[in-house]
Amino acid sequence: MASISIRNISKIYPGDVLAVDDCSLEIPDKEFVILVGPSGCGKSTMLRMIAGLEEISKGELYIGEKLVNDVPPKNRDIAMVFQNYALYPHMTVYKNMAFALKLARTPKAEIDKRVREAAKILDIEHLLSRKPKALSGGQRQRVALGRAMVRNPAVFLLDEPLSNLDAKLRTSMRTELIKLHKKLETTFVYVTHDQTEAMTMGDRIVVMNHAVVQQVDTPQNLYDFPCNMFVAGFIGSPQMNFIDAVLKKDGDRFYLEVESDKLYIPAEKVKDVMSDYVDKPVKFGVRPEDIYDDEAFLSANSESIISTYVEVSELMGSEVYLYIKYTDNTMTARVAPTTKSRTGDSIKVALDMNNIHLFDVETENTIIN
């Protein structure tokens, strides 16, 4: 097994196109790490540099204790699973899974043992004689995983492996991958643009944007303590609402002024740094689940009530999404299915000010979480 150490790595394509900019990351042995971010942020390039499929322009990459900048992919003890599965269409599932071992001149009996063990773990034993065209998307994905597994690699690299599957299959395959990681006890590095996948699967998440690592932390810490507006908006579904406000102080109490509304910040939420922002514009963020329209919450939180208009109401079964208009802001509220709020209603909602986030307007960095 192996750890991965990424030290000040950059990737510069011809024409001075910066794909990865001075990124550093330590991935311990057996960890499941997710690289997440929007299209073009550099996450797949980072994965391909770990795999050896892209040259490193600057910096150093270690797998275990070994510097691998100039080590070819076949000698890195890694296995990669691609988005499009990359199966050989003319070969059976068995031959697809055995192919890399055959190239490595592994004894026939050992190949058979490894292929059948992997097939058993992935529940594809009954498919070994079929060809890829006779398989469903989920079955092809399992074959691609099996082909990587038989090599017993120190590191698994997975590049958006579930993006071609339908929603239901993606959910079940997420669970299968988590179980597989626990069973194999191998380092997993997994690339996705889907933050739901990232939140549910990873031990830690690496959030990237514009070729730069923005924040590395556990899923819960990223959700609760984002370092900037990008991370706050990217992690969480529906995403965080951002509202323009001015931070004010009334005696020893801080409040947010949004047009004529005053939203008081609880004393336990106040930090010393807020004094630097008094009478200055700030962005404040509130997650959809921290906006309430029920009478009990409204009466208990009279200092954070705002008047809004429901543009759209969406029943999701266990909850309702209200898309509400507040001043010039469109916000999303995630409320109980018992709500009486409907499309076209003018309603009052209260914000849970204990859970708001404040951001610097210019740097977009977090002031308080």
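Keep in mind it's a predicted model, so treat the numbers as computed, not measured. (Residues numbered from 1 in each chain as written. Predicted model: local features only at pLDDT ≥ 70, side-chain atom pairs only at ≥ 80, totals over all residues. Heavy atoms only, no water.)

Colleague: I keep staring at helix 3 (residues 108–121) and nothing clicks. Help me out?
Modeller: With 14 residues, helix 3 should reach 20 Å at 1.5 Å per residue; the first-to-last C-alpha distance of 20 Å fits that figure. What helix 3 keeps buried is the set Ile 111, Arg 114, Val 115, Ala 118 and Ala 119. Each buried residue of helix 3 lies within a common arc of 130 degrees when the element is viewed along its axis, so the set occupies one face. Across from the buried face of helix 3, at angles greater than 90 degrees, the exposed residues are Ala 109 and Lys 120. The inward-facing, buried residues of helix 3 contact helix 2 (93–103) and helix 4 (137–149). Asp 123 sits one or two residues past helix 3 and shows a positive phi near 60 degrees. (Helix = DSSP H or I, 4+ residues; strand = E, 2+ residues; numbered from the N terminus. Expected span 1.5 Å × (residues − 1). Buried < 20%, exposed > 50% of the residue type's maximum accessible area, 1.4 Å probe, protein only. Arc of directions from axis to C-beta. Contact = heavy atoms within 4.5 Å.)

Colleague: In this structure, what is going on with a positive patch on the surface? I would like to understand it.
Modeller: Together, Lys 95, Lys 102, Lys 108, Lys 131 and Lys 133 make up a positively charged patch on the protein surface. Structurally, Lys 102 is set in helix 2. Accessibility expressed as a relative area gives 62% for Lys 102, which makes it exposed. (Patch = residues over 30% accessible without salt bridge, like charges linked within 9 Å, V, L, I, M, F, W, Y side chains within 5 Å. Areas by Shrake-Rupley, 256 points an atom, 1.4 Å probe, with all protein chains shown as cover. Salt bridge = Lys/Arg side-chain N within 4 Å of Asp/Glu carboxyl O. Lys, Arg positive; Asp, Glu negative; His and termini not counted. Charge placed at Lys NZ, Arg CZ, Asp CG, Glu CD.)

Colleague: Before we go on, may I ask you to explain the packing of aromatic side chains in this structure?
Modeller: We describe a pair of aromatic rings using the distance from one ring centre to the other and the angle between the two ring planes. Throughout the structure, instances matching the rule amount to eight aromatic pairs. Centre to centre, the rings of Phe 32 and Phe 188 are 5.2 Å apart; their planes meet at 45 degrees, and the pair counts as tilted. Of this pair, Phe 32 sits in strand 3 (residues 32–36) while Phe 188 sits in strand 8 (residues 187–192), and the two are 156 residues apart along the sequence. Judged by its relative accessible area of 1%, Phe 32 falls in the buried class. Note on Phe 32 and Tyr 190: the rings are 6.0 Å apart at their centroids and 45 degrees apart in plane angle, and the pair reads as tilted. Pair noted here: Phe 32 is in strand 3 and Tyr 190 is in strand 8, with a separation of 158 residues, a long-range link. Here Tyr 190 falls in the buried class, since its relative accessible area comes to 0%. (Phe/Tyr/Trp six-rings, centres within 6.5 Å; stacked < 30°, edge-to-face > 60°.)

Colleague: Can you help me understand the sheet that holds strand 4 (residues 58–63) in this one?
Modeller: One key point about sheets: their strands pair by backbone hydrogen bonds, in either a parallel or an antiparallel sense. Across the sheet, four strands lie side by side as 2-1-4-5; this open sheet has antiparallel pairing. Bordering the open sheet on either side are strand 2 (17–27) and strand 5 (66–67), each of which pairs with just one other strand. Two elements, strand 4 and strand 5, share two bridges in a ladder whose sense is antiparallel. In the sheet register, Tyr 62 faces strand 5, and the bridge partner there is Leu 67. Running at roughly 115 degrees to strand 1 (residues 4–13), helix 1 (residues 43–51) makes contact with strand 1, strand 2 and strand 4 of the sheet. (Pairing = 2+ DSSP bridges. Axes fitted to C-alpha atoms, helices over the stretch in contact; angles between N-to-C directions.)

Colleague: Help me out: how do you make sense of the pattern of salt bridges in this one?
Modeller: When the charged atoms of two side chains lie near each other, side chains of opposite charge can form a pair. Enumeration over the complete set of coordinates arrives at 14 salt bridges. With a closest N to O distance of 3.6 Å, Arg 48 and Glu 54 form a salt bridge. Judged by relative accessible area, which is 28%, Arg 48 ranks as partly exposed. Between Glu 110 and Arg 114 there is a salt bridge whose closest N-O contact spans 2.9 Å. Of this pair, Glu 110 and Arg 114 both sit in helix 3, separated by four residues, roughly a single helical turn. By relative accessible area, which is 28% here, Glu 110 ends up partly exposed.

Colleague: Can you help me understand the side chain of Glu 319 in this one?
Modeller: Relative to the helices and strands, Glu 319 resides in the loop between strand 16 (305–315) and strand 17 (320–326). A polar contact is formed between the side chain of Glu 319 and the side chain of Tyr 321, at a distance of 3.4 Å. Setting aside residues no more than four positions away along its own chain, Glu 319 makes contact with Glu 314, Arg 334, Val 335 and Pro 337. (Polar contact = N/O pair within 3.5 Å; in protein donor to acceptor, adjacent residues only side chain to side chain.)

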